[in-house]
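Here are the chains, one letter per residue:
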Amino acid sequence: MAGIFVFSEDPALARQLLTPGLELKAALGQPLVALTQSPAEAQALAGLGADRVIVLKGAGTPEALAPAVASLVAQAGVVLVGGTLRGKHLAAHVAAALKAGLTTDAKTLRAEGGRLETTRILYGGLAVCEESLALPAVATVPQRTFLPPAPAGAAAAVETIDVAADARVEVLSSTPVAGEGVDIGAATRLVSVGRGFGARADLDLAVDLAGALKAELACTRGIAEDEHWLPVERYIGISGQTVKPELYVAAGLSGQVQHMVGCRESKIIVAINKDERAPIFEAADYGIVGDLYTVLPLLTAALKA
Ligand SMILES: Cc1cc2nc3c(=O)[nH]c(=O)nc-3n(C[C@H](O)[C@H](O)[C@H](O)COP(=O)(O)OP(=O)(O)OC[C@H]3O[C@@H](n4cnc5c(N)ncnc54)[C@H](O)[C@@H]3O)c2cc1C
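The rules behind these values
- Residues numbered from 1 in each chain as written.
- Predicted model: local features only at pLDDT ≥ 70, side-chain atom pairs only at ≥ 80, totals over all residues.
- Heavy atoms only, no water.
- Helix = DSSP H or I, 4+ residues; strand = E, 2+ residues; numbered from the N terminus.
- Buried < 20%, exposed > 50% of the residue type's maximum accessible area, 1.4 Å probe, protein only.
- Contact = heavy atoms within 4.5 Å.
- Lys, Arg positive; Asp, Glu negative; His and termini not counted.
- Charge placed at Lys NZ, Arg CZ, Asp CG, Glu CD.
- Pairing = 2+ DSSP bridges.
- Axes fitted to C-alpha atoms, helices over the stretch in contact; angles between N-to-C directions.
- Expected span 1.5 Å × (residues − 1).
- Bend = angle between axes of the 7 residues up to and from the residue.
- Polar contact = N/O pair within 3.5 Å; in protein donor to acceptor, adjacent residues only side chain to side chain.
- Parallel < 35°, antiparallel > 145°, perpendicular 65-115°, else oblique.
- Left-handed = near helix turned anticlockwise from the far one by under 90°.
- Near = heavy atom within 4 Å.
- Areas by Shrake-Rupley, 256 points an atom, 1.4 Å probe, with all protein chains shown as cover.
- 1 Å grid on protein atoms, 1.4 Å probe; cavity = no way out; pocket = protein on both sides within 12 Å on 5 of 7 lines; lining within 4 Å.
- Sits in = over half its atoms within 2 Å of the grid points.
- Nonpolar A, V, L, I, M, F, W, Y, C, P; charged D, E, K, R; others polar.

S.K.: Just checking my understanding: could you explain the overall build of the chain for this structure?
M.R.: Across its full length, the chain carries nine helices and 15 strands. Principal-axis analysis of the C-alpha atoms places the extent of the chain at approximately 65 × 45 × 35 Å. Looking at the chain residue by residue over its 305 residues, the buried ones come to 47%. Counting contacts in the chain only where the partners sit at least 6 residues apart, residues at least 24 apart contribute 63% of the total. Across the chain, the centroid of the 25 positively charged side chains sits 2 Å from that of the 32 negatively charged ones.

S.K.: Before we go on, may I ask you to explain the sheet that holds strand E5 (residues 101-103) in this structure?
M.R.: Strand-to-strand pairing in sheets goes through backbone hydrogen bonds, with the strands running parallel or antiparallel. The sheet built from seven strands is open, its strands ordered E5-E9-E4-E1-E2-E3-E10 with parallel pairing. Two strands lie at the open edges of the sheet, namely E5 and strand E10 (157-162), each paired on one side alone. For this sheet, the mean inter-axis angle between neighbouring strands, taken without regard to orientation, is 20°. Across the sheet, helix H1 (residues 11-28) touches strand E1 (3-7), strand E2 (32-36), strand E4 (76-82) and strand E9 (137-141), and the angle it forms with E4 is around 160°. Its contacts with the sheet place helix H2 (residues 39-46) against E2, strand E3 (52-57) and E10, and it is angled at close to 170° to E3.

S.K.: Looking at this structure, how should I read H1?
M.R.: Two residues of an α-helix separated by three or four positions point the same way, owing to the 3.6 residues in each turn. Given a rise of 1.5 Å per residue, 18 residues ought to cover 26 Å, and the 25 Å separating the end C-alpha atoms of H1 matches this to within 8%. The sharpest bend along H1 measures roughly 25° and falls at Pro-20. Three or more residues of H1 are buried, namely Leu-13, Ala-14, Gln-16, Leu-17, Leu-18, Thr-19, Pro-20, Gly-21 and Leu-24. With a side-chain oxygen positioned 3.0 Å from the backbone nitrogen of Ala-12, the residue opening H1 is Asp-10. Downstream of H1 by one or two residues, Gly-29 has phi in the positive range, about 65°.

S.K.: What am I meant to see in the packing of helix H5 (residues 203-213) against helix H9 (residues 292-304) here?
M.R.: Between two packed helices, both the angle of their axes relative to each other and the distance between the axes serve to describe the pair. Packing of H5 against H9 leaves a shortest axis separation of 9 Å and a crossing angle of 25°. On the basis of their axis angle, the class for H5 and H9 is roughly parallel. The interaxial crossing formed by H5 with H9 has left-handed handedness. When H5 is examined against H9, the residues Leu-205, Ala-206, Asp-208, Leu-209, Ala-212 and Leu-213 are found in contact with a partner set consisting of Leu-292, Tyr-293, Leu-296, Pro-297, Leu-299, Thr-300, Leu-303 and Lys-304.

S.K.: Whenever I open this one, the site of the ligand confuses me. Can you help?
M.R.: Around the ligand there are 24 residues in total, and Thr-220, Ile-236, Ser-239, Ser-254 and Asn-273 lie nearest to it. Between the ligand and Thr-220, the relevant distance is 2.7 Å, taken from an oxygen atom to a side-chain nitrogen or oxygen of the residue. Between the ligand and the protein, one listed contact pairs a nitrogen atom with a backbone N or O atom of Leu-292 at 2.9 Å. Summarising the interface, the protein chains cover 73% of the accessible area of the ligand, which totals 990 Å² for the free molecule. Here the ligand occupies the second largest pocket. Taken together, the elements giving at least two residues each to the shell around the ligand come down to helix H7 (257-260) and H9. Of the residues in the shell around the ligand, the class split is six nonpolar, 13 polar and five charged.

S.K.: When you look at the side chain of Thr-61 in this model, what are you seeing that I'm missing?
M.R.: When you line up the elements, Thr-61 lands in the loop between E3 and helix H3 (66-72). A relative accessible area of 9% places Thr-61 in the buried class.

S.K.: Please clarify how the sheet that holds strand E7 (residues 115-122) should be interpreted in this entry.
M.R.: Here three strands make up an open sheet; going across it, the order is E6-E7-E8 and the pairing antiparallel. Two strands in the sheet have a free side with no partner beyond their single neighbour: strand E6 (108-112) and strand E8 (127-134). Direction aside, the axes of adjacent strands within the sheet are offset by 20° on average. Two elements, E6 and E7, share five bridges in a ladder whose sense is antiparallel. By the bridge assignment for E7, Ala-111 is matched with Leu-116. Taken strand by strand, H1 contacts E6 and E7, and its axis lies near 10° from that of E6.

Read these as spatial facts, not as claims about activity.
Written out as structure tokens, the structure reads:
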């Protein structure tokens, strides 16, 4: 069937994909079809502007459903897949089956002249790659690139299709990754710490500020991976989390590009650094040149006053 297809096994990402999906639908004049493995999620997608929602009924991981998905989207104009590890696996299979071009981690998507024009970030944010794909095209889209669309007036019909999983893939067991369970990406305010902190105990200064701001604590890679002062799910950057909070307070971190690529789309960035030449000040909306050991307690006290 012809159409713009979207799929992600991550419910939040699946909803976000509908936003570029709706834009492509308008440009290409093809129906927007949301695929999901979750009947509960199907109802949510049906109310967000999809023309059709199809529940893929069949036991299997998303990537094991790739052959079935590929045959379902055989006439697709564009297939958008959530850019998780599993999503990228699925997207590669689908693109190969369709003999279609594939772009990963697309930040912008536009249909023009019968092609899909995309951009993605390269070299940790130092370059933007523009790609032009003939249709049909497959693209993966990272988490939080788009906001989900506003609820639509009428809900789409939900259909269920039996699909066969690739028999060569068998999940024998699965164990959730042990962690704090904190979702940094969902936080609207973050206080992020770097190597300007001299000792683990000093992070209490940031914890206090985060408490006063009702913010979550985040960090640079060195704090998580080298010092092990905070868990890895709290570090931001090219090899860590990508966040888009309303407020990002960067304390005692230099603002190297590998870090900033994960937070530069924050709405407001506040930097506290004792080196006025620190790169973080180039990205900051507000900057305080000063010693964090002096500045953080003053900020916390002012917020609590
Ligand atoms: C392939 C690759 C991938 C990477 N991926 C990531 C990633 O995903 N995320 C990430 O964060 N990094 C990543 N890095 C590392 C990155 O390049 C930087 O080294 C790192 O982000 C710097 O961390 P930092 O800002 O905590 O430390 P530093 O760069 O050492 O900066 C510390 C800052 O604290 C300031 N400071 C010191 N004392 C005080 C004080 N008392 N008061 C106020 N300010 C003070 C200093 O002026 C300095 O600017 C990656 C690197 C590579 C090569």
